[in-house]
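Next come the chains, spelled out residue by residue.
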Amino acid sequence: MLHRELFYRHLGQTSPEPLAFEVERAEGVWLFGPAEPPSDPAGSATTPLSAGIPADQAHPRRRKVLDLIAGIAVSGLGHGHPKVLEAIRRQADRYLHTMVYGEFIQAPQVLLAEKLCSLLPDPLDSVFWVNSGSEAVEAALKLAKRATGRTGLASFHRSYHGATHGALSMGGTESWKAPFRPLLPDTHLLPYGEDAALDLLCTDMAAVLVEPVQGEAGVRVPPDGWLQRLRARCDALGILLIFDEAQTGCGRTGVWFAQAHSGVVPDIMVTAKAIGGGLPLGGFAASRDLMRCLTHDPVLGHISTFGGHPLSCAAGLASLEALSAEGLLDRVKPLEARFREGLQDAPGVQDIRSCGLMMAVQLGSWDHNKAVIDRVLQAGILTDWFLYCDDALRIAPPLILTDAEADWAIGVLREALAAEMASR
Ligand SMILES: Cc1ncc(COP(=O)(O)O)c(C=O)c1O
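Residues numbered from 1 in each chain as written. Predicted model: local features only at pLDDT ≥ 70, side-chain atom pairs only at ≥ 80, totals over all residues. Heavy atoms only, no water.

### Let's talk about the sheet that holds strand β8 (residues 240-244)
Point 1. Taking strand neighbours across the sheet as the criterion, the seven strands line up as β4-β10-β9-β8-β7-β5-β6 in an open arrangement whose pairing is mixed. Edge positions in the open sheet fall to β4 (126-130) and β6 (187-190), since each of these has one partner strand only. Within this sheet the neighbouring strands show an average axis-to-axis angle of 20°, counted without direction.
Point 2. As defined by bridge partners, strand β5 (residues 152-156) adjoins β6 across four bridges and the pair is classed as parallel. Across the sheet, residue Leu-153 finds its bridge partner in β6, namely Thr-187. (Pairing = 2+ DSSP bridges. Helix = DSSP H or I, 4+ residues; strand = E, 2+ residues; numbered from the N terminus. Axes fitted to C-alpha atoms, helices over the stretch in contact; angles between N-to-C directions.)

### Observations regarding the site of the ligand
Point 1. Neighbouring residues of the ligand: Ser-132, Gly-133, Ser-134, Tyr-160, His-161, Gly-162, Glu-211, Asp-244, Ala-246, Gln-247 and Lys-273.
Point 2. For the ligand, an oxygen atom lies 2.6 Å from a polar atom in the side chain of Ser-134.
Point 3. The side chain of Gln-247 places a nitrogen or oxygen atom 2.8 Å from an oxygen atom of the ligand.
Point 4. Considered on its own, the ligand offers 390 Å² of accessible surface; in the complex 83% of this is hidden by protein.
Point 5. Its residues placed into classes, the shell around the ligand shows two nonpolar, six polar and three charged. (Near = heavy atom within 4 Å. Polar contact = N/O pair within 3.5 Å; in protein donor to acceptor, adjacent residues only side chain to side chain. Areas by Shrake-Rupley, 256 points an atom, 1.4 Å probe, with all protein chains shown as cover. Nonpolar A, V, L, I, M, F, W, Y, C, P; charged D, E, K, R; others polar.)

### Observations regarding the pairing of strand β10 (residues 282-286)
Point 1. Burial within β10 is extensive, with five of its five residues counted as buried.
Point 2. Here β10 shows a buried face lined by Gly-282, Phe-284 and Ala-286 and a second buried face lined by Gly-283 and Ala-285.
Point 3. As paired strands, β4 and β10 are joined by five bridges and run antiparallel to one another. Each bridged residue has a counterpart across the sheet, and for Trp-129 the counterpart in β10 is Gly-283.
Point 4. Pairing of strand β9 (residues 268-271) with β10, which is carried by three bridges, proceeds in the antiparallel orientation. The residue bridging Met-269 from the neighbouring strand is Ala-285, located in β10. (Buried < 20%, exposed > 50% of the residue type's maximum accessible area, 1.4 Å probe, protein only.)

### Considering the environment of Asp-403
Point 1. By secondary structure assignment, the location of Asp-403 is in helix α15 (residues 403-422).
Point 2. Judged by its relative accessible area of 31%, Asp-403 is partly exposed.
Point 3. Remark: the alpha-carbon pair of Asp-403 and Ala-217, spanning 186 residues in sequence, is separated by 28 Å.
Point 4. Each residue touching Asp-403, except ones within four places of it in the same chain, is listed here: Arg-331, Leu-335 and Arg-338.
Point 5. In this structure the side chain of Asp-403 is engaged in a polar contact, spanning 2.9 Å, whose partner is the side chain of Arg-331. (Contact = heavy atoms within 4.5 Å.)

### Notes on the pairing of β5
Point 1. Here β5 lies mainly inside the structure; five of its five residues are buried.
Point 2. Burial along β5 is two-sided: Gly-152, Ala-154 and Phe-156 and Leu-153 and Ser-155, pointing in opposite directions, are all buried.

### Focus: the packing of helix α3 (residues 82-94) against helix α12 (residues 310-325)
Point 1. Relative orientation of the contacting elements α3 and α12 amounts to 150°, with a least axis distance of 8 Å. As far as their axial angle goes, α12 and α3 are roughly antiparallel. Seen from above, α3 lies across α12 with right-handed handedness. Where α3 approaches α12, its residues Lys-83, Val-84, Ala-87, Ile-88, Gln-91 and Ala-92 are matched on the opposing element by Pro-310, Leu-311, Ala-314, Ala-315, Ala-318 and Ser-319.
Point 2. Class assignment for the residues of the contact of α3 with α12 results in nine nonpolar, two polar and one charged. (Parallel < 35°, antiparallel > 145°, perpendicular 65-115°, else oblique. Left-handed = near helix turned anticlockwise from the far one by under 90°.)

### Brief notes about the side chain of Arg-231
Point 1. Here Arg-231 shows up in helix α9 (residues 226-237).
Point 2. Residue class for Arg-231 comes out buried when judged on its relative accessible area of 13%.
Point 3. Here the side chain of Arg-231 touches Asp-235 through a polar contact of 2.8 Å, side chain to side chain.
Point 4. With near-sequence residues (within four places) excluded, Arg-231 lies in contact with Ile-239, Leu-241, Val-264, Val-265, Pro-266 and Asp-267.

Here it is as structure tokens:
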């Protein structure tokens, strides 16, 4: 590989075993690696690739991998969508960074905020742009503390809200937090989806932060009615309800934002990941009245140099418009059903949890899961596990996946699952 050695030598690493797939190009649902070196001394151009790995038709020596996780729920439109690229180019010709967030009127920020608000229920009509999901969570927590004058913050077991100190403080898995303590004080972890959680809320709390469907816990959908009961309890106690839709947003679950499944309207909604159309962007929406708290006592209650970068907002707007124009939200449920049907009786599969194209295929153990992930990668499909559920396989493809591509992926997954069971 062209950059493998430099990758290990100079890039800060996050795990002892990175996937280390070198990506040279990405298009649609496909990731392309660099050309394989010739395996015979003569360098024959017709040397076959490793068995099972599909090659790029144009470059038969190039490795081609189906992206079945969309950069972890980012690339809903796939990679390199022409409308998104065009919007980025157009904006790059006008201006890049001109001023810190919030001081200048920058059309891409305003237009994306308008579009996002049009997809959200009342009274969510004001958006503050930042750069990532973690940063949006941090700022949403600050807004809740500022607005209520309270300090307590509640979240849920196995939730994931990001890796910065405040967002990590709200995370639901102690082993990921312990080495970084002390974290934020006055945080409280409650059982997700259980009514017992409602009894643990109290008037010292500024906010409850919740994923309407838990992502990194391995796709956990709360029982019907629970989010409504949580909303009612927050109202009764004057607690602000924050939905973290970093992962569930932008059509991934078949609706624009997962709040639409329950009809529950949060006080603050966090968005990130797919909202930037493949560029870094996060944000949080609230009513204008609530958002105004950040303008006084103190002024500049939250600020960011690069928040709402014009390139990211232009890409995000083009991406939301293309998702609409191509009717891609309507693809989500049929594709979900196709994967569920195709995999439910596959060898070793214990359960499939899903909400649209957020899917978790439950296997027996981490070793089992990792072996299947490695097998399917060898066969040309990129999938993954979950941060807080390492024994389930992640399926979260771009929404543009065709039925034929889904069927091919299901076939490869079934073969890998069968081969792994046979080898045990
Ligand atoms: C629900 C949720 N919130 C927040 C984050 C953090 O987002 P980021 O990695 O952009 O900081 C993630 C990332 O996976 C997430 O899934």
